[in-house]
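# Breakdown of the fold
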Number of protein chains: 2
Amino acid sequence: MKLEMICTGEEVLAGQIVDTNAAWLGNQLMNHGFEMHRRTTVGDRLKDLVEVFQERSLQADIILVNGGLGPTADDLSAQAMADAMGVPLVENQQWLEQLSIWGAERGITLTASNLKQAMLPEGAVLVDNPVGSACGFRVKLNRAWLFFTPGVPHEYKKMVSEQFLPFVKAQAGLQSKVEVTKLLSIGIGESTMAERLEKLSWPAGITLGYRAYMPYLELKLIARDVPQAQQVKAIDQAIAALGDTVVARNQNTLAAEVHQLLLNEESTLAIAESLTGGDICNQLVAFAGSSHYLQQGVISYCNEAKMSLLKVTEECIEQETEVSLLCAAQMAAGVASVNTLIRTTDFAVATTGIAGPSGGTEEKPVGTVVVAVKAHNQVYCQTIGLSSQRSRTYIRDISVAIALDMLRRAIIGIPPIAEYHYITRINSAVYPISELLA
Amino acid sequence: MKLEMICTGEEVLAGQIVDTNAAWLGNQLMNHGFEMHRRTTVGDRLKDLVEVFQERSLQADIILVNGGLGPTADDLSAQAMADAMGVPLVENQQWLEQLSIWGAERGITLTASNLKQAMLPEGAVLVDNPVGSACGFRVKLNRAWLFFTPGVPHEYKKMVSEQFLPFVKAQAGLQSKVEVTKLLSIGIGESTMAERLEKLSWPAGITLGYRAYMPYLELKLIARDVPQAQQVKAIDQAIAALGDTVVARNQNTLAAEVHQLLLNEESTLAIAESLTGGDICNQLVAFAGSSHYLQQGVISYCNEAKMSLLKVTEECIEQETEVSLLCAAQMAAGVASVNTLIRTTDFAVATTGIAGPSGGTEEKPVGTVVVAVKAHNQVYCQTIGLSSQRSRTYIRDISVAIALDMLRRAIIGIPPIAEYHYITRINSAVYPISELLA
């Protein structure tokens with residue numbers, strides 16, 4: 001079965017918006033065991049739309065069309081499809097009634113533009129849109145079913161999940177049950193991961209998929225008609241092969257995992273950031289409920305701020321510099337107790353280092369990063385050495401990931417310092433908190 | 001002249017990566033006065049590639065092909081193009097020499113995979129890649145020139161800018177000079193902006209383009225063969241019509257503009273964030289050189305942190321709550337002077353508010369945000385009311401933008417509190433710094 005997508009709209013074609021709807025569909029299809037065959041992106045010209053509908057309908061079995069169902073003059077998908085089929089547009093009574101209800105609920109008098117959204121090619125099958133004024137529809141032309149969806153992302157995603165994917169499954173005559181487990185990893189590249197996994201044997205029905213989005217590499221285990229026990233075994237086998245590089249299951253980011261753990265444990269957190277500049281804090285505050293655990297953050301960008309706000313000692317800066325195990329440890333201990341109105345936080349995390357492109361020395365080149373995590377009465381620190389050739393963004397992103405992973409490990413009670421694959425550790429230390437605050 | 005793009009690669013088609021190369025090209029073409037006609041995305045199958053090259057070569061005049069020039073087995077663009085033309089692959093001597101130099105410089109012995117990158121369809125014109133091992137090339141088939149580029153973004157962008165765009169211009173026989181001015185705006189929607197601008201008269205050769213990327217709306221003034229004086233007049237006319245909503249010229253973000261201003265002025269900055277959670281700080285630290293002005297940031301997420309770290313008074317919290325003009329003012333004044341080892345910073349910015357989805361009250365619903373900016377001896381504050389229906393992300397993003405814009409205005413010496421279009425101001429105040437620190 002050949003699946004294609006047609007994306008419409010000048011703003012997508014001209015790059016005024018990045019086509020995330022397209023990437024999302026590719027991912028969804030993969031999660032359900034289907035493969036996309038071709039994607040065609042065209043603008044809003046009627047002639048181009050008619051041409052592409054006719055052309056692709058000769059080649060594909062199912063085509064998802066996205067966009068062009070809105071109320072304005074440049075929304076031409078229904079008209080173009082009618083022209084491509086050589087049929088008129090006719091008023092769909094069912095959607096007309098739905099629109100009246102939709103307008104009444106919002107106190108909106110329906111205009112001619114709104115009513116246009118109930119005009120579908122003759123013979124089209126209505127596809128409900130429970131969250132918007134643009135209905136979807138599907139029609140058969142030549143060998144293909146063309147399935148029309150709105151461009152607004154949340155309306156589109158709902159329609160794809162609830163109606164398009166079941167339609168594809170029914171057309172494919174599949175009864176198979178597809179389940180996907182996502183393992184989030186850091187510090188390992190795609191070729192290394194593939195090499196480790198592809199030499200193992202996997203139960204029939206399991207396929208592996210990879211998706212890199214810095215600083216993460218996501219592994220998908222797609223199980224089609226695989227019994228639960230075998231799936232569990234396959235997941236365990238992947239985790240065993242990948243070791244510490246696996247940092248979360250079915251989460252998109254480490255911040256999401258850490259947020260959930262801190263909420264579950266009812267623990268408190270403080271954050272001291274130098275090169276990461278507030279990014280760790282910001283990623284956690286993005287989640288509602290972070291106020292339950294996050295007490296304070298300090299971005300101690302200059303050394304005076306480290307000393308004045310976090311009680312890093314002058315001796316430490318003079319003897320060890322600000323990029324040292326001791327400095328990171330003092331920062332973590334300091335930020336945990338800087339708020340004199342509440343008790344010391346359960347956990348604290350601190351980062352310091354050289355993000356570049358300048359500021360490196362021979363002894364501590366760009367890419368030298370120290371991360372410390374305070375867990376109850378201990379502070380765990382490590383210095384990592386990233387390539388000085390990498391960008392400031394890369395160095396900062398990896399630093400945030402390592403910090404969040406050390407924190408995650410501390411919260412679940414395993415050693416905070418872990419073995420990734422391509423992250424080089426320069427040194428490490430553990431300090432009792434009493435020693436740092438003395 | 002019909003311009004198309006063909007994107008290749010399973011990872012693009014399957015949505016494992018979002019196709020930002022495609023959006024970038026659309027933008028570049030628009031900036032140079034050209035229009036993209038169609039984009040086709042296919043995977044790595046040889047048969048599909050051959051088919052799409054033949055098919056599109058009958059329809060378009062110039063086709064940019066992206067991806068599939070790497071050294072691995074699934075990089076098939078050159079082979080597919082040779083098959084589509086019915087010619088063999090032949091070794092390109094010039095690129096072979098280039099590869100030898102490239103390998104020698106890096107101490108790499110060239111493998112068969114590397115050498116494959118010098119095999120081009122017979123008759124192809126070499127396109128140099130000064131930053132990578134994959135050369136580009138172009139060939140003529142049917143009515144089209146097909147121009148092949150590598151998928152690696154920085155190699156691709158360099159080749160497009162330095163070689164593809166000049167080629168397109170030459171093919172188009174255009175001598176016209178296209179200049180683009182970008183105006184970054186906040187607090188105004190696309191329909192309002194279009195309404196204000198489209199009723200004005202514009203010199204011949206000026207076209208307007210819009211691009212929304214939250215929280216910004218970018219206006220492009222594209223001038224084709226327009227004399228300098230008329231361009232300046234057009235830009236001034238746009239700025240006059242859009243007023244305070246225009247916040248920067250030829251910058252992608254407000255953070256970039258503020259960063260540049262602070263560097264130029266050699267001023268210092270401190271940041272206190274509550275609902276924005278470190279995002280203001282993080283956006284500035286993303287730029288190299290931010291250490292020249294940024295002294296410290298405090299994320300005072302709980303009230304105790306506001307009081308303990310920033311010297312917000314207990315009376316203020318009790319009588320006015322933490323979401324008040326006075327609290328934001330005290331936060332700004334406090335963070336400017338919290339670092340006792342250096343003098344008070346020239347500027348400071350503070351945010352506090354309710355990002356939701358819970359935590360609102362009848363008096364202060366979700367979306368109530370207070371922003372304060374300290375400029376030398378004054379602190380300027382305003383409360384804005386955003387819709388409580390909007391997402392946490394939206395509320396935080398707009399808050400960051402307003403804070404950075406108030407700061408920007410303070411640095412260039414105009415009143416920090418401005419009139420945007422869709423941002424509702426609830427109240428505002430100005431405090432002398434002496435009053436806040438007393």
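Before reading on, note that the structure itself is shown above.
The structure reproduced in this document is the subject of the present report. (Residues numbered from 1 in each chain as written. Chains lettered and ligands numbered in written order. Predicted model: local features only at pLDDT ≥ 70, side-chain atom pairs only at ≥ 80, totals over all residues. Heavy atoms only, no water.)

### Overview of the interface of chain A and chain B
- Between chain A and chain B, the residue contacts involve 66 residues of the former and 66 residues of the latter.
- Of the roughly 5,300 Å² buried at the junction of chain A and chain B (both faces included), carbon and sulfur atoms supply 51%.
- When residues of chain A are sorted by the area they lose upon contact with chain B, A:Arg38, A:Arg39 and A:Tyr301 head the list and together hold 12% of the total.
- Run the count over chain A and chain B and you get eight salt bridges.
- The salt bridge involving A:Glu55 is made with B:Arg38; its shortest N-O contact spans 3.2 Å.
- The interface formed by chain A and chain B includes 32 residue pairs in polar contact (both at pLDDT 80 or more).
- Element by element, the count of residues in the side of chain A that touches chain B is highest for strand β2 (residues 36-42) of chain A, at seven residues. (Contact = heavy atoms within 4.5 Å. Buried area = accessible area lost by both parts, 1.4 Å probe. Salt bridge = Lys/Arg side-chain N within 4 Å of Asp/Glu carboxyl O. Polar contact = N/O pair within 3.5 Å; in protein donor to acceptor, adjacent residues only side chain to side chain. Helix = DSSP H or I, 4+ residues; strand = E, 2+ residues; numbered from the N terminus.)

### Quick look at the sheet that holds strand β14 (residues 294-300) of chain A
- In space, the 12 strands of this open sheet follow the order β18(A)-β17(A)-β16(A)-β15(A)-β13(A)-β14(A)-β14(B)-β13(B)-β15(B)-β16(B)-β17(B)-β18(B), with mixed pairing throughout. Because the sheet does not close on itself, it has two edges, and the strands there are β18 (424-432) of chain A together with β18 (424-432) of chain B. Sheet twist, expressed as the average angle between the axes of neighbouring strands with direction ignored, equals 10°.
- Note that strand β16 (residues 368-375) of chain B and strand β17 (residues 378-385) of chain B share eight bridges and pair antiparallel. Residue pairing for β17(B): B:Ala372 is matched across the bridge by B:Cys381.
- Running at roughly 140° to strand β15 (residues 347-353) of chain A, helix α14 (residues 325-337) of chain A makes contact with β13 (269-273), β14, β15, β16 (368-375), β17 (378-385) and β18 of chain A of the sheet. (Pairing = 2+ DSSP bridges. Axes fitted to C-alpha atoms, helices over the stretch in contact; angles between N-to-C directions.)

### Structural notes on the pattern of salt bridges
- Overall, the coordinates contain 28 salt bridges over all chains when judged by the stated rule.
- Between B:Arg45 and B:Asp48 there is a salt bridge, with its nearest N and O atoms 3.0 Å apart.
- Shared partners join several salt bridges into a network, and the residues in it are A:Glu4, A:Arg38, A:Lys47, A:Glu51, A:Glu55, A:Arg56, B:Glu4, B:Arg38, B:Lys47, B:Glu51, B:Glu55 and B:Arg56.

### As for unusual backbone geometry
Residue and element names in this part refer to chain B.
- Each neighbour pair has its own omega, and for methionine 214 with proline 215 the value is 0°, a cis peptide bond.
- Residue position: proline 215 is located in the loop between β10 (206-213) and β11 (216-224).
- Each neighbour pair has its own omega, and for glycine 356 with proline 357 the value is 5°, a cis peptide bond.
- Among the secondary structure elements, proline 357 is positioned in the loop between β15 (347-353) and β16.

### A look at the pairing of β17(A)
All names here are of chain A.
- Between the end of β16 and the start of β17, which pair antiparallel, lie two residues, with histidine 376 showing a positive phi angle near 55°.
- Where β17 lies against β18, eight bridges are found, and the strand directions are antiparallel. Paired with tyrosine 380 across the two strands is valine 430, which belongs to β18.

These values are about where atoms sit, not about what they do.
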